[in-house]
Amino acid sequence: MAKIDEANAVKLEKFSGEHFKRWQTQVRYWLTVLGLYSAIDDSESSQGSWMTKEQIEYHCYHRILSVLSDHLYDVYLTTTEKAKELWDLLEAEYGLDDAGVIRFAASSFNNYKMIDGKSIGDQIHEFKELLKGAKKSGTTFSEDFKVSCLIDKLPPSWSDFALSLRHKQGELTMTQTINTLRVEEKHRAVLVAKPEERTPRVNIVDTHNRNNNHSYHNRNNHHHRSHNSHRRNNLRPKGGNFKPNRFNQNRDQHQSQNQNQNQNQNH
């Protein structure tokens, strides 16, 4: 009676179409403890049960329905009447899917490749989950094989580091390899953060601009002075024999001659 009370207290996960084998194993144990599994398996004896065969059938059928999702409950309530019929139909429709899930998991593991721009720690977790999924097919992996696969799946920017790990392959365990990758990821994060601590490039650009502006003003002033000097040279008379006072001397001589001519005419 204590086992029945314990089984009644168990809250099973409702089946919604995924992980059927896991759900089926839990329900089988649950029904066995309750003394109801004989309604599904004829080899199970119902002798010693306080319930009649009809009662066992009734409770087993509805117990199975109670741990189905609402959608599946409605479907199988209208299409089945017996516990064994319900159990076999679920096995036929979802039992083979687990094999498909296993094949899909193995394919996903083979095709999985880490990418740049995403945390290596998160991708290592994804790798380990895919590894677990692949193991469901019954395949066993050696430690060296798992390390080799992990190195192969590192992103492109880690190719040099992956090569260095290759040289140590055979010496590293899976745990050591994962720890090494996490340390390397932290080291790379520090290298990326360091450039932000240096002098901002805008200061260098400003100094360069000021130097360029100073050079520009010097060139401009020199050009201005050269232009003014050229204008003054153009205003000066050409020829090396020019005497600044000769024009005034000729003018005085001409005036004197005119005065003499006037005086002679008056006489």
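Now for a description of the structure that goes with this document. (Residues numbered from 1 in each chain as written. Predicted model: local features only at pLDDT ≥ 70, side-chain atom pairs only at ≥ 80, totals over all residues. Heavy atoms only, no water.)

1. Focus: the packing of aromatic side chains
Defined as follows: Only the six-membered ring of Trp is used, alongside the rings of Phe and Tyr, when aromatic pairs are assigned; centres must lie within 6.5 Å, and planes under 30 degrees apart are stacked while those over 60 apart are edge-to-face, with the rest tilted. Distance and angle both matter: a charge sits over a ring if NZ of Lys or CZ of Arg is within 6 Å of the ring centre and within 35 degrees of the ring normal.
Per the counting criterion, the structure on display carries 9 aromatic pairs. By the ring-pair criterion, three or more aromatic residues cluster together here, those being Phe15, Phe20, Trp23, Tyr37, Trp87 and Tyr94. In this arrangement the basic side chain of arginine 188 is found over the ring face of tryptophan 158, its NZ or CZ atom lying 4.2 Å from the centre.

2. Focus on the pattern of salt bridges
So the rule is basically this: By convention in these notes, a salt bridge is any Lys or Arg side-chain nitrogen within 4 Å of a carboxyl oxygen on Asp or Glu. For every residue, the accessible area (1.4 Å probe, protein chains only) is compared with the maximum for its type, and the residue is labelled buried under 20%, exposed over 50%, or partly exposed between those bounds.
Inspection of every chain in the model, using the stated rule, returns 8 salt bridges. Across the pair glutamate 13 and arginine 22 runs a salt bridge whose closest N-O atoms are separated by 3.8 Å. Between lysine 118 and glutamate 126 there is a salt bridge whose closest N-O contact spans 2.6 Å. We classify glutamate 126 as partly exposed; its relative accessible area is 28%.

3. Digging into the environment of lysine 113
Applicable threshold: In DSSP terms, a helix is any run of H or I states spanning at least four residues, a strand is any run of E spanning at least two, and both are numbered starting from the N terminus. We call two residues in contact when some of their heavy atoms are within 4.5 Å. A 3.5 Å cut-off defines polar contacts: any pair of N or O atoms within that distance qualifies, except that in protein one atom must be a possible hydrogen donor and the other a possible acceptor, and neighbouring residues in sequence count only when both atoms are side-chain atoms.
By the element assignment, lysine 113 lies in the loop between α5 (83-111) and α6 (120-135). Setting aside residues no more than four positions away along its own chain, lysine 113 makes contact with Asp152, Lys153 and Leu154. A distance of 3.2 Å separates a polar side-chain atom of lysine 113 from the backbone oxygen of leucine 154.

4. Considering the packing of helix α3 (residues 53-66) against helix α4 (residues 70-79)
We count it as follows: What counts as an axis is a line fitted to C-alpha atoms, over the stretch in contact for a helix, and the angles between N-to-C directions run from 0 to 180 degrees. Roughly parallel means an angle under 35 degrees; roughly antiparallel, over 145; roughly perpendicular, 65 to 115; everything else is oblique. Residue polarity is assigned by list, with Asp, Glu, Lys and Arg as charged and Ala, Val, Leu, Ile, Met, Phe, Trp, Tyr, Cys and Pro as nonpolar; anything else, Gly included, falls into the polar class.
Between α3 and α4, the least distance of the axes is 9 Å, while the angle of their chain directions is 150 degrees. By the criterion of interaxial angle, the relationship of α3 to α4 is roughly antiparallel. Note on element contacts: α4 touches α3 through Tyr73, Tyr76 and Leu77, opposite Tyr61, Leu65 and Ser66. In terms of residue class, the contact of α3 with α4 is made up of 5 nonpolar, 1 polar and no charged.

5. What about unusual backbone geometry?
Phi is positive for histidine 19, close to 55 degrees, though the residue is something other than glycine. Its place among the elements puts histidine 19 in the loop between α1 (2-9) and α2 (20-34).

6. Side note on the nonpolar core
Our working rule: Side-chain atoms within 4.5 Å are what join buried Ala, Val, Leu, Ile, Met, Phe, Trp, Tyr and Cys residues into a set we call a nonpolar core.
Membership of the largest hydrophobic core comes to 27 residues, with the highest contact counts inside it found for Trp23, Leu31, Ile64 and Leu90. Residue assignment for this core shows that the elements contributing at least two residues are α2, α3, α4 and α5. Broken down by element, this core gets its largest block of residues, 6 residues, from α2. Not counting chain neighbours up to four residues away, the residues in contact with isoleucine 64 comprise Trp23, Leu31, Ile40, Ala83, Leu86, Trp87 and Leu90. Core analysis: the next-biggest nonpolar cluster, separate from the first, contains 23 residues, Ile120, Phe127, Trp158 and Leu181 among them.

7. A closer look at helix α8 (residues 159-168)
Heads up, the rule is: It is the directions from the helix axis to the C-beta atoms whose arc is reported.
For α8, every residue scored as buried is listed here: Phe161, Ala162 and Leu165. For α8, the angular spread of the buried residues around the axis is 100 degrees, confining them to a single face. Set apart from the buried face of α8 by more than 90 degrees, the exposed residues are Asp160, Leu163 and His167. Of the surrounding secondary structure, the elements contacted by the buried residues of α8 are α7 (143-152) and α9 (174-193). Following α8 by one or two positions, glycine 170 has its phi on the positive side, about 105 degrees.

8. What to know about the side chain of glutamate 57
Heads up, the rule is: All tallies of charge rest on Lys and Arg as positive and Asp and Glu as negative; His and the ends of each chain are not included.
Structurally, glutamate 57 is set in helix α3. Among buried Asp, Glu, Lys and Arg side chains, glutamate 57 stands out as unpaired, with lysine 82 the closest opposite charge at 5.0 Å. Residues within four places of glutamate 57 in sequence aside, it is in contact with Ala39, Glu81, Lys82 and Ala83.

9. Concerning the environment of leucine 172
On the secondary structure map, leucine 172 appears in the loop between α8 and α9. Leucine 172 gets classed as buried once you look at its relative accessible area, which sits at 16%. As a C-alpha pair, leucine 172 and serine 148 span 24 residues in sequence and 10.0 Å in three-dimensional space. Setting aside residues up to four positions removed in sequence, leucine 172 forms contacts with Val147, Leu165 and Thr177.

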